[in-house]
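One letter stands for each residue in the lines below.
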Amino acid sequence: MRAVVYTRYGPPDVLGLADVDVPTPGDHEVLVKVRAVSLNASDWEGLRGKPLYSRIGGLRRPRRHILGSDIAGQVETVGRQVKGFRPGEDVFADNLASLGGFAEYVCVSETALARIPSGMTYEEAAALPQAAAIALQGIRIRGQVRPGHRVLINGAGGGSGTYAVQLAKLDGAEVTGVDNTEKLAFMRKVGADHVIDYTREDFTRNGLTYDLILDLAAHRSVFAYKRSLAPGGRFLYVGGSVSTLFGVLLVGPLVGRAARKKVRLLAVRLGVRHLAPMIELCQSGKIATIIDRRYRLSEVPEALRYLGEGHAKGKVVVVIDEPGAA
Ligand SMILES: NC(=O)c1ccc[n+]([C@@H]2O[C@H](COP(=O)([O-])OP(=O)(O)OC[C@H]3O[C@@H](n4cnc5c(N)ncnc54)[C@H](OP(=O)(O)O)[C@@H]3O)[C@@H](O)[C@H]2O)c1
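Summary of the structure given here. Predicted, not measured: the structure shown is a model, and the values here were computed from it. (Residues numbered from 1 in each chain as written. Predicted model: local features only at pLDDT ≥ 70, side-chain atom pairs only at ≥ 80, totals over all residues. Heavy atoms only, no water.)

## Quick word on the pattern of salt bridges
Per the stated rule, a full pass over the model turns up 13 salt bridges. The salt bridge partner of Glu89 is Arg115, with a shortest N-O separation of 3.0 Å. Here Glu89, found in the loop between strand 4 (70-78) and strand 5 (90-94), pairs with Arg115, found in strand 7 (residues 113-115); they are 26 residues apart in sequence, far enough to count as distant. On the accessibility criterion, Arg115 (42% relative accessible area) is partly exposed. One salt bridge connects Arg294 with Glu123, and the closest N-O pair in it is separated by 2.4 Å. Here Glu123 lies in helix 2 (residues 122-127) and Arg294 lies in strand 14 (residues 291-296), a separation of 171 residues in the sequence. Several salt bridges share partner residues, and in doing so they unite Asp202, Arg205 and Arg220 into one network. (Salt bridge = Lys/Arg side-chain N within 4 Å of Asp/Glu carboxyl O. Helix = DSSP H or I, 4+ residues; strand = E, 2+ residues; numbered from the N terminus. Buried < 20%, exposed > 50% of the residue type's maximum accessible area, 1.4 Å probe, protein only.)

Rendered as structure tokens:
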């Protein structure tokens, strides 16, 4: 099969299209013919090996040579113990645990897999898993957004951010989106009431406070976040620098207690089986999946460069073309 492989951390140039063996599913795994795979910041981080947490499992060199976690496709074959799926079924998964999505076939644990909801395309299904899980848990489950809350989403123009902005609006919040200059109009279009260009303004220094700050690109000190929280407000670290992560883990529980402020890590519970509320909202048209660009398998390096250089507005999806088309 064709796959996009890499054997060392680096820029998109370290990726190459190669012919590799089709993987063999284990007893509890399903072999999926990949039709679409969406890109996440975690793919970019896994390619670059930065931040350091992206090197878990391969400190000097990547242990897994094919990136790509959020896949949608068709069941090709199933392992001996798999009871829940049959060849030909349309399925999707967050395969962050074993990756391998930038390929024509991928093995996925049965437990990570679900059927594609009716009416959803492969591309839409591939766009959802990680980004929608972050939005659902960041806004509703851990964020506990209520009508009238002031919510700031840092990194609001990217994959998770666009779902998070829509969900927070739906739940009655006044939403501020923060991202780069290129994405300001886009964030407004998605539903943000206010936008901030992070290249020109530091939202932790403008004197405003929020009931929830959901940070997809956190790199400040916990004290800066505390300053930007209203009494009773919470800050959730989703992704960003390792130093901020340590600050959140070590100092976060201690700061702001008097004013009931919480500075915490959002350890996202990944898996498409937890996505039911988001899937319903997508099916009813209340939340839209915004796909900025589509690429072919051979174009994965360009797709990752586009995402990593900060141009992607919403999701970027790789559509796996038929053999011979690349
Ligand atoms: N906590 C968990 O359990 C968990 C699980 C899975 C994933 N994650 C993390 O969650 C994050 C999800 O990101 P995603 O997939 O939504 O990524 P994405 O599509 O790349 O979006 C991230 C957005 O943040 C923006 N950004 C970068 N630096 C910024 C800054 N300093 N201030 C404001 N915005 C900034 C990016 O714009 P630019 O283009 O300007 O860079 C981009 O628009 C990743 O960091 C990933 O590692 C966490």
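Next comes the rest of the write-up.
## Re the site of the ligand
Residues in close proximity to the ligand total 25 residues, the closest being Asp179, Lys183, Tyr198, Leu266 and Gly310. A distance of 3.4 Å separates a nitrogen atom of the ligand from a polar side-chain atom of Asn154. Taking Gly159, its main chain carries an N or O atom lying 2.7 Å from an oxygen atom of the ligand. Within the complex, the protein chains bury 84% of what would otherwise be the 930 Å² of accessible surface of the ligand. Mapped by element, the contributors of at least two residues to the shell around the ligand are helix 1 (41-48), helix 3 (129-141) and helix 4 (159-170). Class assignment for the residues of the shell around the ligand results in 10 nonpolar, 12 polar and three charged. (Near = heavy atom within 4 Å. Polar contact = N/O pair within 3.5 Å; in protein donor to acceptor, adjacent residues only side chain to side chain. Areas by Shrake-Rupley, 256 points an atom, 1.4 Å probe, with all protein chains shown as cover. Nonpolar A, V, L, I, M, F, W, Y, C, P; charged D, E, K, R; others polar.)

## Structural notes on the packing of helix 1 against helix 9 (residues 300-308)
Interaxial distance between helix 1 and helix 9 falls to 10 Å at its minimum, and their mutual angle equals 105 degrees. Here helix 1 is positioned roughly perpendicular relative to helix 9, judged by the angle of their axes. Here Ala41, Asp43, Trp44 and Leu47 of helix 1 lie close against helix 9, whose contacting residues are Leu304, Arg305, Leu307 and Gly308. Looking at the contact of helix 1 with helix 9 residue by residue, the classes come out as five nonpolar, one polar and two charged. (Axes fitted to C-alpha atoms, helices over the stretch in contact; angles between N-to-C directions. Parallel < 35°, antiparallel > 145°, perpendicular 65-115°, else oblique. Contact = heavy atoms within 4.5 Å.)

## Some details on the nonpolar core
If you look at the biggest cluster of nonpolar residues, it comprises 47 residues, and the most contacted ones within it are Ile139, Ile153, Tyr163 and Met278. Element by element, the count of residues in this core is highest for helix 3, at seven residues. Once you skip the residues sitting within four places of it in the chain, Met278 turns out to touch Ala132, Ala135, Leu136, Tyr163, Leu167 and Ile287. Ranked by size, the runner-up nonpolar core spans 44 residues in total, among them Leu47, Leu67, Ala112 and Val316. (Core = buried A, V, L, I, M, F, W, Y, C linked by side-chain atoms within 4.5 Å.)

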